[in-house]
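# Structure at a glance
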Amino acid sequence: MTGVKLLFAHDTECSLIAAAALVNTAGRDGELLPDIAALDAFFVRYSYSGRHEHTDAELHAVRELRPQLRRIWYAEPPEIVAVVNGLLLEHKALPQLIEHDDEPYHLHAVPRDAPLATRIAVEAAMAMADLVRTGELSRLRICEYPDCDNVVVDLSRNRSRRFCEAGCGNRAAVTAYRARRAAGQS
Ligand SMILES: [Zn+2]
Ligand SMILES: [Zn+2]
């Protein structure tokens, strides 16, 4: 983080990216959390820490979060606020500053030994609360590639992100390139 000012706090940005990635595990590419190994990989990739059971129950609880979180991308602000407040209330969120591993002080709102699905839900809710408070809900988008309904979090400074992480940016570039070539050849 040398010199580059983040739009949001580091933990907020990480939580938003992880929430979008989780929603997109039930997206255009089918079921991307088919088993415990896939959840393990997700856990590592998005730098989760704390309790991780490696059980089917944990896997199912995490999968069940996806439609709930996806709703946030489609909802109007009052409904988003209701979802966020509902999650914080349901899980008895109590924000506390904490330092662990190599991360600087950041907020946790449930204990580290709370179930993984609970922690993901509450982290997402806290991050969404930041978007609401800063008037930045427009950063939540749906991928613009035809027939892709993956969710996107646009954390770019100039709000230029249009495609999801599942390769749609490349697909769009290839399509545009072919269209240019075809136009040039005719
Ligand atoms: Zn943490
Ligand atoms: Zn996409």
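In this report, we go over the structure that sits alongside the text. The numbering scheme is per chain: residues are counted from 1 as the chain's sequence reads. Starting at A for chains and at 1 for ligands, labels are handed out in the order in which the entities are written. Given that the model is predicted, a residue must reach a pLDDT of at least 70 before its local features are reported, and side-chain atom pairs must reach 80 or more before they are shown or counted; all residues, however, enter totals for whole chains, interfaces and linings. Calculation of side-chain values draws on the structure's entire complement of heavy atoms; hydrogens and water are dropped beforehand.

## A word on the coordination of the zinc ion (ligand 2)
As a rule, N, O and S atoms within 2.8 Å of a metal are its donors, except that Na, K and Ca use 3.2 Å; water is not among the atoms, so sites may look incomplete. C143 (SG), C148 (SG), C164 (SG) and C168 (SG) make up the full set of protein donors to the zinc ion (ligand 2), lying at 2.3 Å. In short, tetrahedral needs four donors with all angles between 85 and 135 degrees, square planar needs four and octahedral six donors with opposite donors over 155 degrees apart and all other angles between 65 and 115, and whatever is left is irregular. One can describe the site at the zinc ion (ligand 2) as tetrahedral: its 4 donor atoms subtend angles covering 105 to 117° at the metal. C164 gets classed as buried once you look at its relative accessible area, which sits at 5%. Burial classes: relative accessible area under 20% of the type maximum marks a residue as buried, over 50% as exposed, and values in between as partly exposed (1.4 Å probe, protein chains only). Since its relative accessible area comes to 0%, C168 is described here as buried.

## Some points on the coordination of the zinc ion (ligand 1)
For the zinc ion (ligand 1), the protein coordination sphere consists of H100 (NE2), H106 (NE2) and H108 (NE2), at 2.0 to 2.1 Å. Binding-site remark: the zinc ion (ligand 1) is held by donors from one chain whose sequence spacing is H-x5-H-x1-H. Owing to a relative accessible area of 16%, H108 belongs among the buried residues under this scheme.

## Some thoughts on unusual backbone geometry
Despite not being glycine, D147 shows a phi value in the positive range, around 65°. Under the scheme used here, helices are H or I runs from DSSP no shorter than 4 residues and strands are E runs no shorter than 2 residues, and both carry numbers assigned from the N terminus. Within the secondary structure, D147 is located in the loop between β5 (140-142) and β6 (151-153). We note that R159 has phi near 55°; this positive angle belongs to a residue other than glycine. Looking at the element boundaries, R159 is found in the loop between β6 and α6 (168-185).

## A few points about the packing of helix α1 (residues 10-23) against helix α5 (residues 116-133)
Here the axes come from fitting lines to C-alpha atoms, over the contacting stretch only for helices, and the angles between their N-to-C directions go from 0 to 180 degrees. One way to put it is that α1 packs onto α5 with a least axis distance of 9 Å and a crossing angle of 120°. Relative to α5, the element α1 lies oblique. Read as a crossing pair, α1 and α5 show a hand that is left-handed. Contacts between α1 and α5 involve T12, S15, L16, A19 and L22 from the former and I120, E123, A124, A127, M128, D130 and L131 from the latter. Each residue is assigned to one of three groups, with Ala, Val, Leu, Ile, Met, Phe, Trp, Tyr, Cys and Pro labelled nonpolar, Asp, Glu, Lys and Arg labelled charged, and all others, Gly among them, labelled polar. When its residues are assigned to classes, the contact of α1 with α5 shows 8 nonpolar, 2 polar and 2 charged. Roughly parallel means an angle under 35 degrees; roughly antiparallel means over 145; roughly perpendicular covers 65 to 115; every other angle is labelled oblique. Each helix crossing is assigned a hand: it is left-handed if the near helix lies turned anticlockwise from the far helix by less than a right angle, otherwise right-handed if that turn is clockwise. In what follows, a contact means two residues having at least one pair of non-hydrogen atoms within 4.5 Å.

## A closer look at the packing of helix α3 (residues 56-74) against α5
It is at 8 Å that the axes of α3 and α5 come closest, and there the two elements cross at 20°. On the basis of the axis angle, α3 is roughly parallel to α5. In terms of crossing hand, the pair formed by α3 and α5 is right-handed. Each of E58, A61, V62, L65, L69, I72 and W73 in α3 lies in contact with α5, whose residues at this interface are L116, A117, I120, A121, A124 and M128. Split into classes, the residues belonging to the contact of α3 with α5 amount to 12 nonpolar, no polar and 1 charged.

## Considering the packing of aromatic side chains
Working definition: a ring pair exists when centres of Phe, Tyr or Trp rings (six-membered ring for Trp) sit within 6.5 Å. Plane angles under 30 degrees give stacked, over 60 give edge-to-face, the rest tilted. Taken as a whole, this structure holds 4 aromatic pairs when the rule is applied. Considering the side-chain rings of F42 and Y48, the 6.0 Å spacing of their centres and the 25° angle between planes classify their relative orientation as stacked. Take F42 and Y48: they sit in the same class, and that class is buried. Ring plane angle 35° and centroid distance 6.0 Å describe the contact between F43 and Y48, whose orientation is recorded as tilted. In this pair, the class of F43 matches that of Y48, namely buried. Here, a charge over a ring means that NZ of Lys or CZ of Arg falls within 6 Å of the ring centre while also lying within 35 degrees of the ring normal. Directly above the aromatic system of Y145 lies the positively charged group of R171, at a separation of 5.8 Å from the ring centroid.

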